[in-house]
Amino acid sequence: MAEIKADTTHQHHPVTVSEPDISDQKPTKPKRVASLDIFRGLTVAVMILVDDAGGEWPMIGHAPWNGCNLADFVMPFFLFIVGMSIALALKRIPNRLLAIRKVFLRTLKLLFWGLLLQGGYSHAPDKLTYGVDMKKIRWCGILQRIALAYLVVALVEIFSRDSQAKDLASSWFSVFKLYFWHWLVGASVLVVYLAVIYGTYVPDWQFTVQRNNVTVELTVACGVRGKLDPPCNAVGYVDRKVLGLNHMYQHPAWKRSKACTENSPYEGPFRNDAPSWCYSPFEPEGILSSISAILSTVIGVHFGHVLVHFKGHAARLKHWVLMGFALLILGIILHFTHAIPLNKQLYTFSYVCVTSGAAALVFSAFYIMVDIWGLSYLFLPLEWIGMNAMLVYVMAAEGIFAGFINGWYYDDPHNTLTYWIQKHIFIGVWHSRRVGILLYVIFAEILFWAVVAGILHLLGIYWKL
């Protein structure tokens, strides 16, 4: 996805990350952290898998509402990686104004690509058209959320630099004390989020839908405060008021819930007694939930700080693993005690804890296997994807390359190379659409783009933001 890299060189070395001498006038070129590239590549690969195979395998797609499936780990993993990259990259830019300029420029690039790819302008890969009605453009999206989290955390990192000592005490909590401004911002984000989500009164609301070429107005009865159910939560209320229903995501995951369709967890026609909110839009990357998502990046930047300041592998891993398990256990307790449910679309605090804890443990596992044991060759495809994450995200996850291929058809727009490969090489051979689509995504998309990214790596070509 957003390839906010920690360095500019492309050779891996044993991890030795130290605090730079800020007296230098030129930004240094740090060594890459192989495990971070591989973690980034894994996250992009999982995103492609759940996006393109999730329709046939709903257990890996987004949970309709409460819960946490494989797809629900993708966004917080990206935000965690962005946080780690901030800690590594901004240390190498001694000039504060230069760092601020780079941060704002990258933020604008993320916003541009987010609107272009997810605002409705691109119809790839299924429709051979482009363009969006500005009255219906979707303002929020994956890259827009990353842009917000990156901007906030990066600016905190830059402006708190003067208060950071170079020498860190041996105490386990010293890194928290050194970067207390980051945790103060994180705590403020959490307080604002909880205050709004539990304190905002959500009144009844109306929206219109088209049924049999007739416009019908539907009413959703709420009149409550502090609810976290699909129709009456403060997250949706804020988005409806600020963004407007026309500018929100029109196909939310809740339409696969049992309340809406008998085919749940698959997509299908709505039940005859489906509640009115089943027909309404909802923005999973909305305003309030994106504010909460900043927490994932704050936690990620903390793990980057540990990598910078702690010199030994054992000290780093002890800190990462303990904090990872602590977050994971806290989130699970909050969910199963019904205090705060796991919910990606609301980006609840329990969801932040579980997904950040999982990210910490997955990264720690890669760090052990790759940067300590030197087994990076086992993960070369993921490493290549991680080095060119933006390219693979745009071409594969957003379907731009598939849309280009589908533009060359024979007699019928559905008679394309993509559909032919799916039907005759994968689905036809296995006599199962579910298995065929899964294998197609793994081999014809993920591994294909891993090879392409590997070739580009050999040529020294990278798409950065």
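(A) Expanded view of the overall build of the chain. If you tally the helices and strands in the chain, you get 15 helices and six strands. For the chain, whose C-alpha radius of gyration is 23 Å, the value lies close to the compact-globule estimate of 23 Å for 465 residues. Its C-alpha atoms give the chain principal-axis dimensions of about 70 × 55 × 40 Å. Burial status across the chain gives 53% buried among its 465 residues. Expressed as a percentage of contacts within the chain between residues at least 6 apart in sequence, the contacts between residues at least 24 apart total 73%. Carbon and sulfur atoms provide 65% of the accessible area of the chain, an area that totals close to 21,200 Å².

(B) Representation of the pairing of strand 6 (residues 412–416) in the model. Pairing between strand 5 (residues 409–410) and strand 6: two bridges, direction antiparallel. Counterpart to Tyr409 in the pairing with strand 6 is Thr416. Remark: one residue form the turn of the hairpin made by strand 5 and strand 6, two consecutive strands paired antiparallel; Asp411 in that turn has positive phi of roughly 75°.

(C) Seen up close, helix 6 (residues 180–199). Along its 20 residues, helix 6 runs 27 Å from first to last C-alpha, staying within 8% of the 28 Å computed at 1.5 Å per residue. His182, Gly186, Val189, Leu190, Tyr193 and Ile197 are the residues of helix 6 that are buried. The arc enclosing the buried residues of helix 6, seen along the axis, measures out at 95°, which places them on a common side. Considering only its buried residues, helix 6 is in contact with helix 4 (142–159), helix 7 (234–242), helix 8 (287–309) and helix 10 (349–372).

(D) Here's a closer look at the state of the cysteines. Applying the stated criterion to the full structure yields two disulfides. Paired by a disulfide, Cys222 and Cys232 hold their sulfur atoms 2.1 Å apart. One disulfide, between Cys222 and Cys232, carries an S-S torsion of -90° and so falls in the left-handed class. Taken together, the positions of Cys222 in the loop between strand 3 (214–220) and strand 4 (224–225) and Cys232 in the loop between strand 4 and helix 7 put the pair ten residues apart, joining distant regions of the chain.

(E) The arrangement of the packing of helix 8 against helix 10 in detail. Contact geometry of helix 8 with helix 10 gives a least axis separation of 10 Å together with a crossing angle of 30°. Considered as vectors, helix 8 and helix 10 are oriented roughly parallel to each other. Handedness of the crossing formed by helix 8 with helix 10: right-handed. Taking contact as the criterion, the partners of Ser292, Leu295, Ser296, Ile299, Phe303 and Leu307 in helix 8 are, on helix 10, Phe349, Val352, Ser356, Ala360 and Tyr367. In the contact of helix 8 with helix 10, the residues fall into eight nonpolar, three polar and no charged.

(F) Quick look at the packing of aromatic side chains. Under the counting rule described, the total for this entry stands at 28 aromatic pairs. Ring plane angle 45° and centroid distance 5.6 Å describe the contact between Tyr121 and Tyr130, whose orientation is recorded as tilted. An angle of 90° between the planes, with centres 5.2 Å apart, marks the rings of Phe401 and Trp449 as edge-to-face. Of this pair, Phe401 sits in helix 13 (residues 400–406) while Trp449 sits in helix 15 (residues 433–459), and the two are 48 residues apart along the sequence. Classification of Trp449 by relative accessible area gives buried; the value is 8%.

(G) Broad picture of the environment of Cys232. Residue classification places Cys232 among the buried positions, given a relative accessible area of 5%. Each C-alpha atom of the pair Cys232 and Tyr419 lies 41 Å from the other, and the pair is 187 residues apart in sequence. When near neighbours in sequence (up to four residues on either side) are disregarded, Cys232 contacts Val202, Ala221, Cys222, Val224 and Lys227.

(H) Representation of the pairing of strand 2 (residues 205–211) within the structure. Across seven bridges, strand 2 lies against strand 3 in antiparallel orientation. Its bridge partner lying in strand 3, Gln206 is registered against Thr219. Between strand 2 and the antiparallel strand that follows it, strand 3, lie two residues; Asn212 among them carries a positive phi value of about 55°.

(I) Representation of the packing of helix 4 against helix 6. The contact between helix 4 and helix 6 brings their axes to 9 Å, and the two run at 150°. Taken together, the axes of helix 4 and helix 6 are roughly antiparallel relative to one another. Handedness of the helix 4/helix 6 crossing: right-handed. In contact with Val152, Val156 and Glu157 of helix 4, helix 6 contributes Trp181, His182 and Val185.

(J) Broad picture of the side chain of His247. Among the structural elements, His247 can be located in the loop between helix 7 and helix 8. By relative accessible area, which is 15% here, His247 ends up buried. Here the side chain of His247 touches Lys135 through a polar contact of 3.5 Å, landing on its backbone oxygen. At 2.7 Å, the side chain of His247 and the backbone oxygen of Ile137 are in polar contact.

(K) Representation of the confidence of the model for the chain. Put simply, the chain has an average pLDDT of 88, and 91% of its residues get 70 or more. Counting contacts from residues 18–28, a segment whose pLDDT is below 50, to residues more than four positions away or on other chains yields 22 contacts.

(L) Looking closely at the pattern of salt bridges. Inspection of every chain in the model, using the stated rule, returns six salt bridges. Residues Arg40 and Asp37 are paired through a salt bridge, measuring 2.8 Å at the closest nitrogen-oxygen approach. Taken together, the residues Arg40 and Asp37, both in helix 1 (residues 34–53) and three residues apart, mark about one turn of the helix. Residue classification places Arg40 among the buried positions, given a relative accessible area of 3%. For Asp37, a relative accessible area of 2% gives the class buried. Asp273 is the partner of Arg271 in a salt bridge, and the nearest nitrogen-oxygen pair spans 3.1 Å. Connected via shared salt-bridge partners are Arg138, Glu283, Glu285 and Lys344.

Conventions and cut-offs
Residues numbered from 1 in each chain as written. Predicted model: local features only at pLDDT ≥ 70, side-chain atom pairs only at ≥ 80, totals over all residues. Heavy atoms only, no water. Helix = DSSP H or I, 4+ residues; strand = E, 2+ residues; numbered from the N terminus. Rg over C-alpha atoms; globule rule 2.2 N^0.38 Å. Buried < 20%, exposed > 50% of the residue type's maximum accessible area, 1.4 Å probe, protein only. Contact = heavy atoms within 4.5 Å. Areas by Shrake-Rupley, 256 points an atom, 1.4 Å probe, with all protein chains shown as cover. Pairing = 2+ DSSP bridges. Expected span 1.5 Å × (residues − 1). Arc of directions from axis to C-beta. Disulfide = S-S within 2.5 Å. Axes fitted to C-alpha atoms, helices over the stretch in contact; angles between N-to-C directions. Parallel < 35°, antiparallel > 145°, perpendicular 65-115°, else oblique. Left-handed = near helix turned anticlockwise from the far one by under 90°. Nonpolar A, V, L, I, M, F, W, Y, C, P; charged D, E, K, R; others polar. Phe/Tyr/Trp six-rings, centres within 6.5 Å; stacked < 30°, edge-to-face > 60°. Polar contact = N/O pair within 3.5 Å; in protein donor to acceptor, adjacent residues only side chain to side chain. pLDDT = per-residue confidence, 0-100. Salt bridge = Lys/Arg side-chain N within 4 Å of Asp/Glu carboxyl O.

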